[in-house]
Amino acid sequence: TPPGEWVIGQGSFMLAEKLAEERFPTLAEMDAAVPDHPAAIRAGAHVTIANSLALQRWGIDETYTPPTGGHVVRDSDGQPTGQLIELWWSLNPSRFTAEQTEAAVLAMGGAHAAETKR
């Protein structure tokens, strides 16, 4: 992959618990692992773990306000940690066709509705 091109990984549900460290990778670990590319790991359907280049490309910094329903996990200084909650689709709309986006939103809504009925 040429430097500067996106590297996207897909983890599974409960990814953090499946790793030896039993936590998501830190921003420093993501930067060290993928220094020349914006990189993100989709950890199931709700969490995205990003490196600094991805955060920069998406315009996520200490002043970023996520859209309704989204959340940027921040450190004690207000800096993004690389953990993004419910932001994948709003950050990457051009990567997907309208049909793919609609299907994913419907599927996530259906999963959420099923969870709330339990």
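Summary of the structure given here.

### Structural notes on the overall build of the protein chain
A count of helical and extended segments in the protein chain gives 5 helices and 5 strands. Helices and strands in the protein chain line up, N terminus first, as β-α-α-β-β-α-β-β-α-α. Taken across its 118 residues, the protein chain has 29% of its residues classed as buried. For the protein chain, contacts bridging at least 24 residues in sequence account for 47% of all contacts bridging at least 6. For the protein chain, the accessible surface area stands at approximately 7300 Å², while carbon and sulfur atoms represent 56% of it.

### Focus: the pattern of salt bridges
Tallying each qualifying case throughout the model produces 1 salt bridge. In this structure, glutamate 29 engages arginine 23 in a salt bridge whose closest nitrogen and oxygen atoms are separated by 2.8 Å. By relative accessible area, which is 33% here, arginine 23 ends up partly exposed.

### Re the side chain of histidine 37
Tracing the backbone through its elements, the reader meets histidine 37 in the loop between helix 2 (27-33) and strand 2 (39-43). Within the local environment of histidine 37, its side chain forms a polar contact with the backbone oxygen of proline 2, the two atoms lying 3.3 Å apart. In this structure the side chain of histidine 37 is engaged in a polar contact, spanning 3.0 Å, whose partner is the backbone oxygen of glutamate 5. If we ignore the near neighbours within four places in the chain, the residues touching histidine 37 are Thr1, Pro2, Pro3, Gly4, Glu5, Val7, Asn51 and Leu53.

Each value, and the rule that gives it
- Residues numbered from 1 in each chain as written.
- Predicted model: local features only at pLDDT ≥ 70, side-chain atom pairs only at ≥ 80, totals over all residues.
- Heavy atoms only, no water.
- Helix = DSSP H or I, 4+ residues; strand = E, 2+ residues; numbered from the N terminus.
- Buried < 20%, exposed > 50% of the residue type's maximum accessible area, 1.4 Å probe, protein only.
- Contact = heavy atoms within 4.5 Å.
- Areas by Shrake-Rupley, 256 points an atom, 1.4 Å probe, with all protein chains shown as cover.
- Salt bridge = Lys/Arg side-chain N within 4 Å of Asp/Glu carboxyl O.
- Polar contact = N/O pair within 3.5 Å; in protein donor to acceptor, adjacent residues only side chain to side chain.

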